[in-house]
Amino acid sequence: MLKKVKLTGRIVTPSDPDYEQARINNNLSIAKFPSKIVFCQNAKDVVNALRWVREKNEPFRIRSGRHSYENYSLVNEGVVIDVSDMNHISINVADMTARIEAGADLGKVYRELWESGMTIPAGTESSVGVVGLTLGGGIGMLSRQFGLTCDNLLEIEMVGASGHLGAELLKANNHLNSDLFWASCGGGGGNFGIVTALTFKLHAISDVSIFSITWGWEDFEVAFDAWQKWAPYTDERLTSQLELKSKEVGEIVAQGEFVGSAHELKKLLRPLRKTGSPTSVWIKEVPYIKAVRFFDVPSGNVPALRKRSGSFIEKPFPHAAIRRMKAFLANAPNRNAEIWQQSLRGAVSQVAPNRSAYFYRNALIAQEYLTTWEKPQEENQNIQWIEDLRRALSPYTAGDYVNFPDHYIKDWPSAYYGRNFRRLREVKTKYDPFNVFHFPQSIPPVRKWI
Ligand SMILES: Cc1cc2nc3c(=O)[nH]c(=O)nc-3n(C[C@H](O)[C@H](O)[C@H](O)COP(=O)(O)OP(=O)(O)OC[C@H]3O[C@@H](n4cnc5c(N)ncnc54)[C@H](O)[C@@H]3O)c2cc1C
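As the structure is a prediction and not an experimental result, all values here were calculated from the model.

## A short note on the overall build of the chain
No. 1: In terms of helices and strands, the chain carries 15 helices and 18 strands.
No. 2: Taking the principal axes of the C-alpha coordinates as reference, the chain spans close to 75 × 55 × 45 Å.
No. 3: Going through the 450 residues of the chain one by one, you find that 60% of them count as buried.
No. 4: Partitioning the contacts of the chain with sequence separation of at least 6, the portion at a separation of at least 24 is 72%.
No. 5: Here the chain displays about 18400 Å² of accessible surface, and carbon together with sulfur accounts for 51% of that area.
No. 6: Within the chain, the 48 negative side-chain charges are centred at a point lying 4 Å from the centre of the 55 positive side-chain charges.

## Observations regarding the UniProt feature "domain: FAD-binding PCMH-type" (unreviewed entry) in the chain
No. 1: Under the feature "domain: FAD-binding PCMH-type" (unreviewed entry), the UniProt entry names residues 30-205.
No. 2: Within the segment residues 30-205, helix and strand shares are 24% and 29% respectively, and the terminal C-alpha atoms sit 39 Å apart.

## Re the nonpolar core
No. 1: Judged by nonpolar contacts, the single largest core of 96 residues is most densely connected at Leu50, Phe60, Val130, Ile139, Ile194 and Leu198.
No. 2: Here the element with the most residues in this core is helix α2 (residues 43-56); it accounts for six residues.
No. 3: Ranked by size, the runner-up nonpolar core spans 37 residues in total, among them Ile313, Phe317, Ile339 and Ile386.

## Focus: the site of the ligand
No. 1: Close to the ligand lie 32 residues, the nearest being Ile62, Ser64, Ser73, Ile139 and Tyr401.
No. 2: Residue Gly129 places a main-chain N or O atom 2.8 Å away from an oxygen atom belonging to the ligand.
No. 3: If the ligand stood free it would expose 960 Å²; the protein chains cover 96% of that surface.
No. 4: Within the residue set of the shell around the ligand, elements represented by two or more residues are β3 (60-63), α4 (130-136) and β10 (194-201).
No. 5: No other element matches the four residues that α4 contributes to the shell around the ligand.
No. 6: The residue makeup of the shell around the ligand, split by class, is 12 nonpolar, 16 polar and four charged.
No. 7: Counting only domains with at least three residues in the shell around the ligand, you end up with domain 1 (10-82) and domain 2 (89-204 + 419-431).

## Concerning the pattern of salt bridges
No. 1: One pass over the structure, following the stated rule, counts 20 salt bridges.
No. 2: Note that Glu221 is salt-bridged to Lys326, the shortest N-O span being 3.3 Å. Here Glu221 is found in helix α7 (residues 220-230), whereas its partner Lys326 is found in helix α12 (residues 319-330), with 105 residues between them in sequence.
No. 3: A salt bridge links Arg390 to Asp406, with the shortest nitrogen-to-oxygen separation between them at 3.3 Å. Taken together, the positions of Arg390 in helix α13 (residues 379-393) and Asp406 in the loop between α13 and α14 (412-417) put the pair 16 residues apart, joining distant regions of the chain. Across this residue pair, the class does not change: Arg390 and Asp406 are buried.
No. 4: Each of Glu70, Lys307, Glu387, Arg390 and Asp406 takes part in salt bridges that share partners, so that together they form one network.

## So, the sheet that holds strand β2 (residues 36-39)
No. 1: Pairing is mixed across the open sheet formed by four strands, whose spatial order is β1-β2-β4-β3. Here the strands that pair on one side only, and so sit at the sheet edges, are β1 (10-12) and β3. Averaged over all adjacent pairs, the angle separating strand axes in this sheet is 20°, with direction ignored.
No. 2: As defined by bridge partners, β3 adjoins strand β4 (residues 79-82) across four bridges and the pair is classed as parallel. Its bridge partner lying in β4, Ile62 is registered against Ile81.
No. 3: Helix-sheet contacts for α2 involve β2, β3 and β4, and the interaxial angle to β4 is about 165°.

## Concerning the environment of Asp85
No. 1: One can find Asp85 in the loop between β4 and β5 (89-92).
No. 2: Excluding residues that lie within four positions of it along the chain, Asp85 makes contacts with Arg10, Phe39, Cys40 and Gln41.

## What to know about the domain arrangement of the chain
No. 1: What the domain assignment reports for the chain is domain 1 (10-82), domain 2 (89-204 + 419-431) and domain 3 (207-396).
No. 2: Look at where the C-alpha atoms of domain 1 and domain 3 centre, and you get two points 33 Å apart.
No. 3: In this complex, domain 1 contributes nine residues to the contact, which on the side of domain 3 involves 12 residues.
No. 4: Summed over both sides, the interface between domain 1 and domain 3 buries roughly 780 Å², with carbon and sulfur atoms accounting for 47% of that surface.
No. 5: Broken down residue by residue, the surface that domain 1 buries against domain 3 is led by Asn26, Ser29 and Tyr69, which jointly contribute 61%.
No. 6: Seen at the junction of domain 1 and domain 3, the total is one salt bridge.
No. 7: In this structure, Lys307 and Glu70 form a salt bridge, with 2.8 Å as the shortest nitrogen-oxygen distance.

## A short note on the pairing of strand β18 (residues 365-373)
No. 1: Of all nine residues that make up β18, eight are buried, and the element is covered over most of its length.
No. 2: Sheet analysis places strand β16 (residues 305-313) next to β18, joined by nine bridges and oriented antiparallel. Opposite Phe312, over in β18, you have Ala366 as the bridge partner.
No. 3: Strand direction decides the pairing type here: strand β17 (residues 338-343) and β18, joined by six bridges, are antiparallel. If you follow Glu338 over to β18, its bridge partner there is Leu370.

## What to know about α7
No. 1: Extensive coverage of α7 is indicated by the burial of eight of its 11 residues.
No. 2: Looking at α7, one finds that the buried residues are Phe220, Ala223, Phe224, Asp225, Ala226, Trp227, Gln228 and Trp230.

## A closer look at the side chain of Ser356
No. 1: Mapped onto the fold, Ser356 is located in the loop between β17 and β18.
No. 2: Not counting residues up to four positions away in its chain, the partners in contact with Ser356 are Trp182, Cys185, Arg361 and Asn420.

## Some words on the sheet that holds strand β9 (residues 166-173)
No. 1: The five strands are arranged β5-β6-β10-β8-β9 in an open sheet whose pairing can be described as antiparallel. Each edge of the open sheet is held by one strand with a lone partner, namely β5 and β9. Direction aside, neighbouring strands of the sheet carry axes that sit 15° apart on average.
No. 2: Pairing of strand β8 (residues 153-162) with β9 involves eight bridges; the strand directions are antiparallel. Looking at β9, one finds that Val159 is bridged to Leu169.
No. 3: Against the sheet, helix α3 (residues 106-115) touches β5 and β6 (97-101), its axis set at about 35° to β5.

What counts, and where the lines are drawn
Numbering of residues starts from 1 in every chain and runs along the sequence as written. Owing to the predicted nature of the model, reporting of local features is limited to residues with pLDDT of at least 70; listing and counting of side-chain atom pairs is limited to 80 or more, with chain, interface and lining totals taken over all residues. To obtain the side-chain values, all non-hydrogen atoms of the structure were included, while hydrogens and water were left out. Secondary structure follows DSSP: runs of H or I at least 4 residues long count as helices, runs of E at least 2 residues long count as strands, and numbering of each begins at the N terminus. Buried means the residue's accessible area, taken with a 1.4 Å probe over protein chains only, is under 20% of the maximum for its type, while exposed means over 50%, and partly exposed covers the values in between. Working rule for contacts: check all heavy atoms of both residues, and any pair within 4.5 Å makes them a contact. Areas reported as accessible are Shrake-Rupley estimates using a 1.4 Å probe. Residue values count occlusion only from the protein chains shown. Charged residues are defined here as Lys and Arg on the positive side and Asp and Glu on the negative side; His and the ends of the chain fall outside this count. Think of each charge as sitting on NZ of Lys, CZ of Arg, CG of Asp or CD of Glu. UniProt positions are given in the numbering used here, feature names are shortened, and annotations may be inferred rather than shown by experiment. Throughout, nonpolar core names a set of buried Ala, Val, Leu, Ile, Met, Phe, Trp, Tyr and Cys residues whose side chains join them through atoms within 4.5 Å. The rule for a residue being near a molecule or strand is that one of its heavy atoms must lie within 4 Å of it. Side-chain atoms alone can form a polar contact between residues adjacent in sequence; in general such a contact is a pair of N or O atoms within 3.5 Å, and within protein one must be able to donate a hydrogen while the other accepts it. By the convention adopted, Pro, Cys, Tyr, Trp, Phe, Met, Ile, Leu, Val and Ala count as nonpolar, Lys, Arg, Asp and Glu as charged, and the other residues, Gly among them, as polar. Marked domain ranges trace back to an automatic or database domain assignment. One side-chain nitrogen of Lys or Arg within 4 Å of one carboxyl oxygen of Asp or Glu is enough to make a salt bridge. In short, DSSP must find at least two bridges between two strands for them to pair. Axis definition: a line fitted to C-alpha atoms, limited for helices to the stretch in contact. Angles are taken between N-to-C directions and run from 0 to 180 degrees. By convention, the term buried area covers the 1.4 Å-probe accessible surface removed from two parts as they join, with the contributions of both added.

Structure below.
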């Protein structure tokens, strides 16, 4: 007779004093109450957890950094398989590679790689999980120079579903299970299996230059227009972001990171410096780790009531679209509401849209609509604002980045994956035919839609 599998690892249940802390994610507005949270300590714990939930037919979700906008890493009355205790990083300096366990967050990744004078291009907030970020693509302040995070991925180790009730360890890279590897570079977290480790190629890094330019509300239109016509086309070593804040705050802030000297950056910034009447301009040369800390905004790491959504800009916004953004920000539900944008192209667009599952290779800009609020009764108004904004800009935008998921997007398969959705379903069918890994907006296998 087959021995019944047991859950192993650090298991937290509702009667434990640390349940509340173990349960919550970065977004507090979608509360979920799992019956068990299994903090796996190694790949064997992950295999046991997957076999256990399959045997018991328990709902489950996979979790790492807890930053899913829609809390797709949580489930009510089911099991959360959490890999965040598995966060060891081993660096091979000679090969310039690192094997990073899937529970590491970006803060740890940046800190430890920096000790060897290395990095990977990844996101800005230190508490975001490297695994969720990489599986969806991964954009950040080195994207235009070194590509997306997933473009630097060499291999994943994963626990997949095998047979009717089993679980098995798999590796995927460009030679082994290459279709699964293709799907893992932009296909989004939670779809194919539970990633336990990722191996990346590293880049040497030392000093970089950073800048910040702030304009007042009266320069909204000229500042945005100048930035959009400059940021995706300037020197590839320079990646920048633009924050369009609510009228109540009344600021437009461009910031960025340049892998080069402050002197050279100053020249590159000329078109922005000459636009409107900036209220503040500064440029600094700093050790790379200081730049990482500069872009790591503390409020993003603290759990809060939030709603976020997003889209890509493939053609520069005409004036009508700029005026729409301005009108929404003039009527924002609160002062924290904003539109955030990041410049793309450069190394990101040197990869064809079908070369990995990340489809929007030719976009100029990735953008996010975001708001946070304090009292639960403010939720409807905030969500409505985000959704109205998304719809109002949709004639001028394309799709949405799968790492900025929005449960209100009806045609999410094409919004997240464009023409890559079909192949993603084929890969899903091969590696997870029974749709073991599913959540709202997960990729369905071809024969079965749950
Ligand atoms: C404050 C904030 C800042 C952000 N900044 C950036 C940024 O700079 N650049 C950027 O590209 N994105 C950014 N994002 C988006 C971020 O990339 C996604 O939210 C990402 O999915 C987070 O991954 P996670 O591991 O932290 O989250 P989780 O909630 O743990 O997981 C996210 C998704 O991945 C799945 N998943 C988790 N662990 C695993 C695993 N081991 N194997 C398989 N699937 C798994 C989950 O089931 C879920 O569907 C930001 C998000 C927030 C909230």
